[in-house]
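Next come the chains, spelled out residue by residue.
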Amino acid sequence: GGGRLGHPTHEQASADPPLVSSPPAVTSPCKILKCNSEFWAATSGSHHLGAEEAPEFCTALRAYAHCTRRTARTCRGDLAYHSAVHGIDDLMVQHNCSKDGPTSQPRLRTLPPGDSQERSDSPEICHYEKSFHKHSASPNYTHCGLFGDPHLRTFTDTFQTCKVQGAWPLIDNNYLNVQVTNTPVLPGSSATATSKLTIIFKSFQECVDQKVYQAEMDELPAAFVDGSKNGGDKHGANSLKITEKVSGQHIEIQAKYIGTTIVVRQVGRYLTFAVRMPEEVVNAVEDRDSQGLYLCLRGCPLNQQIDFQTIRSAQATEGRARRKGPSLPAPPEAFTYETATAKCREKLPVEDLYFQSCVFDLLTTGDVNFMLAAYYAFEDVKMLHSNKDKLHLYERTRDLTPGNTAPTGTHPTLWVALLCLCWLCLL
């Protein structure tokens, strides 16, 4: 049918299936993934086309067919290639497309309608900020970050602590896809941290080819998976670049064609992620209703959120607590609430949510590297957030369901009961 072709998928993706369900390895000489991505980018948001849009869709289909013919020799044994070829023929018939006709790529639909053609023809298209004309307002930038056990700051400055074990989409828009995998910090514990990160930069006009970046525990490469450090062979390839800041510990990816900066760090054994992105790019999604699990945009689902501030209050009252059951091993270093707060103050003197998450993580894991993760996460906020008045966050930023907070003046023994209930919920 006319589904999305070559769109990167994940476990929580929309039920709308791509025509090619299993793309080949990105290192393969077969370039069918690039063809799929270019067709998807050209027709994003247009799966259900009206008759008036058929000529534009047919142009994109012919370009797609031309791309598959160019890569036919290296794709002979590739099932995804043969699936795409058959799918193109089906779509040609469905939309009454002629095989002869123009094959130029339609301009992307996400550009402002007033000047999209002008921007497509401009050499400045590969530099997002330069593509703004004098009469246009400057772009608004937003920030998202993920660190620690794991703590999420969304594009709307909501701060949450989540369980989210396994693979979850962090960002999924028309230009890039970011997926994280979180694994338990201790055997049998619900404390998780990010052990794997995959970033897919989708092919964009004459600027960049599709590129994939992947980091795992103890492996923070300074290159994309194909070994390159920029956007490939296109005219604007250098509008996408990877820079190694500290070997094995800190990389930065500049995607100037979409005005985006990404920082990935390894702190201890685990990864942290931070991004600065224009609102226009953040909101460039095909179907907002299907983006409910895109964490940077919508936050963690309620059933995955942890109210660590309530737990922290209980820990302060009781003096010491760890997230563990009777059969779980003790953390490598046992922190009391007092020693954890003292340790976190060494790097985070302001008692905001970054400080509080640091305390929570030390009590939960016993791993002092989580203090450094909170510290570097805040350093990245200082570098990437466009509103310097919003660097520190102090209050819980989600509405708690009834019963998740204790009223002022609650008796200390009730805190103990609440703490036990919290641990049982988490385990």
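Right above here is the structure, for reference.
Predicted, not measured: the structure shown is a model, and the values here were computed from it.

S.K.: Explain the nonpolar core to me, please; I cannot follow it from the model alone.
M.R.: One recurring pattern in soluble globular proteins: nonpolar side chains tend to sit buried together. In this structure, Ile171, Ile199, Phe201 and Phe273 are the most contacted members of the largest nonpolar core, which totals 49 residues. The residues touching isoleucine 171, leaving out its near neighbours within four places in the chain, are Phe155, Leu176, Asn177, Val178, Phe273, Val275, Met277, Tyr294 and Cys296. Core analysis: the next-biggest nonpolar cluster, separate from the first, contains 21 residues, Leu348, Leu353, Cys358 and Phe378 among them.

S.K.: Any chance you could explain the sheet that holds strand E4 (residues 166–172) here in plain terms?
M.R.: The strands that make up a sheet pair up through hydrogen bonds in the backbone, lying either parallel or antiparallel. The strand order E4-E5-E6-E7 describes an open sheet built from four strands, whose pairing is antiparallel. The sheet is open, and its two edges are formed by E4 and strand E7 (211–216), each paired on a single side. Direction aside, neighbouring strands of the sheet carry axes that sit 20° apart on average. Pairing between E4 and strand E5 (residues 176–184): six bridges, direction antiparallel. Looking at the pairing, isoleucine 171 lines up with valine 178 of E5.

S.K.: Quick question: what am I supposed to make of the environment of phenylalanine 159 here?
M.R.: Locating phenylalanine 159 in the fold gives a position in strand E3 (residues 159–162). Its relative accessible area of 5% is what places phenylalanine 159 among the buried residues. Distance from phenylalanine 159 to cysteine 300, taken between C-alpha atoms, is 10.0 Å for residues 141 residues apart in sequence.

S.K.: How should helix H1 (residues 32–43) be read in this particular structure?
M.R.: Three- or four-residue spacings in an α-helix give side chains the same orientation, since the helix completes a turn every 3.6 residues. If you check H1, its first and last C-alpha atoms are 17 Å apart, about what 12 residues at 1.5 Å a residue would give, namely 16 Å. Counting buried positions along H1 yields 11 of 12 residues, so the element is predominantly enclosed. Residues of H1 that are buried: Ile32, Leu33, Cys35, Asn36, Ser37, Glu38, Phe39, Trp40, Ala41, Ala42 and Thr43.

S.K.: What's the story with the pairing of E4 in this structure? I'm lost.
M.R.: Along a regular strand, successive side chains alternate from one face of the sheet to the other. Across the seven residues of E4, six count as buried, placing the element largely inside the fold. Linking E4 to E5, which pair antiparallel, is a turn of three residues.

S.K.: Before we go on, may I ask you to explain the state of the cysteines in this structure?
M.R.: Every disulfide links exactly two cysteines, by a covalent bond between their sulfur atoms. Using the criterion set out here, one finds seven disulfides in the structure. Through a disulfide, cysteine 58 is tied to cysteine 97; the S-S separation comes to 2.0 Å. One quick way to see it: the torsion about the S-S bond of cysteine 58 and cysteine 97 is about -75°, and its sign makes the bridge left-handed. One end of the pair, cysteine 58, is in helix H2 (residues 54–70); the other, cysteine 97, is in the loop between helix H3 (79–94) and helix H4 (116–121), and 39 residues separate them in sequence. For the residue pair cysteine 58 and cysteine 97, the accessibility class agrees, reading buried in each case. The side chain of cysteine 126 participates in a disulfide bridge whose partner is cysteine 207; the two sulfur atoms lie 2.1 Å from each other. On the sign convention where negative is left-handed, the bridge of cysteine 126 and cysteine 207, at about -95° about the S-S bond, is left-handed. Residue cysteine 126 is found in the loop between H4 and strand E1 (141–147), and its partner cysteine 207 is found in the loop between strand E6 (192–201) and E7; the two are separated by 81 residues along the sequence.

S.K.: Got a minute to help me understand the packing of aromatic side chains in this structure?
M.R.: How two aromatic rings sit relative to each other is set out by the distance from centre to centre and by the angle between their planes. Tallied over the entire structure, the rule returns 11 aromatic pairs. An angle of 70° between the planes, with centres 5.8 Å apart, marks the rings of phenylalanine 39 and phenylalanine 57 as edge-to-face. Highlighted residues: phenylalanine 39 in helix H1 and phenylalanine 57 in helix H2, separated in sequence by 18 residues. Phenylalanine 57 carries the same exposure label as phenylalanine 39, and that label is buried. Arranged with centres 5.4 Å apart and planes meeting at 75°, the rings of phenylalanine 159 and tyrosine 354 form a pair that is edge-to-face.

S.K.: I tried to follow the packing of helix H8 (residues 337–347) against helix H10 (residues 369–384) on my own but got confused; where do I start?
M.R.: Axes are the key here: two packed helices are described by the angle between their axes and the distance separating the axes. Between H8 and H10, the shortest axis-to-axis distance is 9 Å and the interhelical angle comes to 40°. The way H8 lies across H10 gives a crossing that is right-handed. Between H8 and H10, the contacting residues are Lys343, Cys344 and Lys347 on the first element and Met371, Leu372 and Tyr375 on the second. Across the contact of H8 with H10, the residue classes break down as four nonpolar, no polar and two charged.

Reading guide: rules and limits
- Residues numbered from 1 in each chain as written.
- Predicted model: local features only at pLDDT ≥ 70, side-chain atom pairs only at ≥ 80, totals over all residues.
- Heavy atoms only, no water.
- Core = buried A, V, L, I, M, F, W, Y, C linked by side-chain atoms within 4.5 Å.
- Buried < 20%, exposed > 50% of the residue type's maximum accessible area, 1.4 Å probe, protein only.
- Contact = heavy atoms within 4.5 Å.
- Pairing = 2+ DSSP bridges.
- Helix = DSSP H or I, 4+ residues; strand = E, 2+ residues; numbered from the N terminus.
- Axes fitted to C-alpha atoms, helices over the stretch in contact; angles between N-to-C directions.
- Expected span 1.5 Å × (residues − 1).
- Disulfide = S-S within 2.5 Å.
- Phe/Tyr/Trp six-rings, centres within 6.5 Å; stacked < 30°, edge-to-face > 60°.
- Left-handed = near helix turned anticlockwise from the far one by under 90°.
- Nonpolar A, V, L, I, M, F, W, Y, C, P; charged D, E, K, R; others polar.

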